[in-house]
Amino acid sequence: MKKLAVFASGSGSNFEAIVKGQKNYEVVLLIVDKLDAYALVRARKMGIESVALPAKDFVNKQEHEEAIVSILKEYDIDFIALAGYMRLLGETLLNEYSSKIVNIHPSLLPNFKGKEAIKQAVEAGVDTIGVTVHWVDFGMDTGEIIEQKSFLVNKGESISDIENRVHEIEHILYPKVLNELLK
Ligand code: GRF
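It should be emphasised that the depicted structure is a prediction, and the values quoted were computed from it without experimental measurement.

For this particular structure, what's the right way to read the pattern of salt bridges?
Side-chain pairing between opposite charges can occur once the charged atoms of the two side chains come close. Tallying each qualifying case throughout the model produces 11 salt bridges. One salt bridge in this structure joins Glu16 and Arg42, with 2.8 Å as the shortest N-O distance. Placement of Glu16 in helix 1 (residues 13-20) and of Arg42 in helix 2 (residues 39-46) is noted, with a sequence separation of 26 residues between them. With relative accessibility at 16%, the residue Arg42 sits in the buried group. Salt-bridge contacts for Lys73 lead to Glu96; the nearest nitrogen and oxygen are separated by 2.6 Å. Remark: Glu96 occurs in helix 4 (residues 91-96) and Lys73 occurs in helix 3 (residues 61-74); sequence separation between them is 23 residues.

Written out as structure tokens, the structure reads:
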């Protein structure tokens, strides 16, 4: 069984869904870069080990990532799922885990990369919104697309209603794709 680490910076609802949906992989570790990430609480409740490594405790990105890699090795991690991890990955992580890192993004990439993707889509007036699981490369949400799921926006639907629907889709799509990739 492949050992998975999830990286998060905030709430961690996708992290929880990835843990609950595990079949062909085992989530053994949560890595966060924020001491107050709610994902840490979820990890404790689910009995998953977690490590918090704030970037500001390190002199640069390379040293931060070297510390992360040494923890990943300690836990024998095979594969990484980014889930709301608000940090671009650098050479150290990408070389060490080449073709073994995926991310989920709340838009139909290549449209609306980066922060506040749902708000960007609503402001652009699109009628179809969606979610993308993709491979991670050096860019911001630029890696090769693995799978997407879309839905039509209802007239007058608020951003928070849309966000809820995006999350519902993410929580099904992400574990599904991980189970397929890691079987
Ligand atoms: C998700 O919408 C994900 O697509 C994006 O960040 C959000 C994280 O939410 N990359 P959560 O922390 O998993 O609840």
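Where do I start with the site of the ligand in this structure?
Taken together, the neighbourhood of the ligand is formed by Ser11, Gly12, Ser13, Asn14, Gly84, Ile104, His105, Pro106, His167 and Glu170. One of the side-chain nitrogen or oxygen atoms of Glu170 is found 2.3 Å away from an oxygen atom of the ligand. When the ligand sits alone it has 370 Å² of accessible area, and the protein chains cover 83% of it. Only helix 1, strand 5 (101-105) and helix 6 (159-181) provide two or more residues apiece to the shell around the ligand. Of the residues assigned to the shell around the ligand, the class counts are 2 nonpolar, 7 polar and 1 charged.

Help me understand the sheet that holds strand 4 (residues 79-82) in this model?
In a beta sheet, neighbouring strands pair by backbone hydrogen bonds and run either parallel or antiparallel. In spatial order, the strands read 3-2-1-4-5-6-7; together these 7 strands make up an open sheet with mixed pairing. At either end of the open sheet lies a strand with only one pairing partner, and these are strand 3 (49-52) and strand 7 (145-152). In this sheet, neighbouring strand axes are inclined to one another by 20° on average, regardless of whether the strands run parallel or antiparallel. Against the sheet, helix 3 engages strand 1 (2-8), strand 2 (25-32), strand 3 and strand 4, with an angle of about 150° to strand 2.

I'm lost on the side chain of Asp141 in this one. Help?
Following the sequence through the fold, Asp141 ends up in the loop between strand 6 (128-135) and strand 7. The side chain of Asp141 sits in the buried core without any salt bridge; Lys113 is the nearest counter-charge, 8.0 Å away. Engagement of the side chain of Asp141 in a polar contact is seen with the side chain of His105, the distance being 3.3 Å. Of the polar contacts made by the side chain of Asp141, one reaches the backbone nitrogen of Gly114; its length is 2.8 Å.

Help me understand the pairing of strand 1 in this model?
Each regular strand carries side chains that alternate between the two faces of the sheet. Burial runs high along strand 1: 5 of the 7 residues are buried. Two elements, strand 1 and strand 2, share 7 bridges in a ladder whose sense is parallel. The residue bridging Ala5 from the neighbouring strand is Leu29, located in strand 2. As for the winding sense of the linkage, the β-α-β connection from strand 1 through helix 1 to strand 2 is right-handed. Across 4 bridges, the pairing between strand 1 and strand 4 is parallel. Paired with Phe7 across the two strands is Leu82, which belongs to strand 4.

Help me out: how do you make sense of unusual backbone geometry in this one?
Glycine aside, residues mostly have negative phi, and peptide bonds are mostly found in the trans state. Here the amide bond leading from Leu109 into Pro110 is cis, since omega sits at 15°, within 30 degrees of zero. Structurally, Pro110 can be placed in the loop between strand 5 and helix 5 (117-123). One non-glycine residue, Glu116, lies in the positive phi region at around 50°. As for its position among the elements, Glu116 is in the loop between strand 5 and helix 5. A relative accessible area of 55% places Glu116 in the exposed class. With a phi angle near 60°, Asp141 is a residue other than glycine that sits in the positive phi range.

What counts as what
Residues numbered from 1 in each chain as written. Predicted model: local features only at pLDDT ≥ 70, side-chain atom pairs only at ≥ 80, totals over all residues. Heavy atoms only, no water. Salt bridge = Lys/Arg side-chain N within 4 Å of Asp/Glu carboxyl O. Helix = DSSP H or I, 4+ residues; strand = E, 2+ residues; numbered from the N terminus. Buried < 20%, exposed > 50% of the residue type's maximum accessible area, 1.4 Å probe, protein only. Near = heavy atom within 4 Å. Polar contact = N/O pair within 3.5 Å; in protein donor to acceptor, adjacent residues only side chain to side chain. Areas by Shrake-Rupley, 256 points an atom, 1.4 Å probe, with all protein chains shown as cover. Nonpolar A, V, L, I, M, F, W, Y, C, P; charged D, E, K, R; others polar. Pairing = 2+ DSSP bridges. Axes fitted to C-alpha atoms, helices over the stretch in contact; angles between N-to-C directions. Contact = heavy atoms within 4.5 Å. Lys, Arg positive; Asp, Glu negative; His and termini not counted. Right-handed = clockwise from strand over helix to strand, strands pointing away.

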